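# A structural walkthrough
The chain contents come next:
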Amino acid sequence: MDKWYALQVTTGAEGDVKTRLDRLTYPAMLPMKIMRERRDGRWRDETKVMLPGYLFVQAAMTASDWHRIRRLPGVLRILGGDRRSPLSDDETARIQWLDNGGTPWALSECVQEDGSCRIVGGPLFGRESEILSFNLRQNRVRIRACILGEEKTIELGVTAQETPGTAETISSAAEEG
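None of these values were measured; they are calculated from a predicted model.

## What to know about the nonpolar core
Core analysis: the biggest nonpolar cluster contains 27 residues, and Phe-56, Ile-95, Leu-98, Leu-124, Ile-143, Ile-154 and Leu-156 have the highest contact counts within it. When contributions to this core are tallied by element, the ones reaching two or more residues are β1 (3-9), β5 (54-59), α3 (89-99), β8 (116-121), β9 (131-135), β10 (140-147) and β11 (150-161). Broken down by element, this core gets its largest block of residues, four residues, from β10. Contacts of Ile-154, omitting those with residues within four sequence positions, involve Met-50, Leu-51, Leu-98, Val-141, Arg-142, Ile-143 and Ala-145. Counting 19 residues, the second largest nonpolar core, distinct from the first, contains Ala-28, Leu-30, Val-57 and Met-61.

Listed below in structure tokens is the structure:
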């Protein structure tokens, strides 16, 4: 069975590289997210790349595969070097969770109560232990992902219902511990 590998690609060209990989029949994952952004005084939902500069490809990674992938425009390098180190099973499962079947992550819903936040709906529901911190003012949460032993912090969007008189930024139990 083919393994999954991490590619470092030109930031902003992730979608183009994924299209090229699809044309070469290499399955690829590009985790996307919906983020709430404030522009011109209005909140707007925008779709963004979850891990800018990274793409994940499934291949046997023979010498031929390595050269075909490495020579694609926009591919900077295959992480793991010449060793062709695949992602571990845990890392692959994590990336597949983030990829969400190719669908951008929707905004999770959270409610602020008694100085803490609780996820009440969306993709983070039931996975509160993954959250490092909340920033309700910017409608964001941070989670951590490990890729080839390197930890990455990922911001995801939330819709927050605040109660009057509470702090704008609340740290989760993971950050306090």
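That was the structure; now back to the text.
## Here we look at the pattern of salt bridges
Inspection of the entire model under this criterion finds eleven salt bridges. Between Asp-22 and Lys-18 there is a salt bridge; the shortest N-O distance is 3.3 Å. Residue Asp-22 and its partner Lys-18 are located together in helix α1 (residues 14-23), separated by four residues, close to a single helical turn. Since its relative accessible area comes to 39%, Asp-22 is described here as partly exposed. Residue classification places Lys-18 among the partly exposed positions, given a relative accessible area of 23%. Here Arg-140 ties to Glu-155 by a salt bridge, and the two come within 3.2 Å at their closest N and O atoms. Remark: Glu-155 occurs in strand β11 and Arg-140 occurs in strand β10; sequence separation between them is 15 residues. Because the salt bridges share partners, they merge into one network encompassing Glu-37, Lys-48, Arg-140, Arg-142 and Glu-155.

Definitions and limits used
Residues numbered from 1 in each chain as written. Predicted model: local features only at pLDDT ≥ 70, side-chain atom pairs only at ≥ 80, totals over all residues. Heavy atoms only, no water. Core = buried A, V, L, I, M, F, W, Y, C linked by side-chain atoms within 4.5 Å. Buried < 20%, exposed > 50% of the residue type's maximum accessible area, 1.4 Å probe, protein only. Helix = DSSP H or I, 4+ residues; strand = E, 2+ residues; numbered from the N terminus. Contact = heavy atoms within 4.5 Å. Salt bridge = Lys/Arg side-chain N within 4 Å of Asp/Glu carboxyl O.

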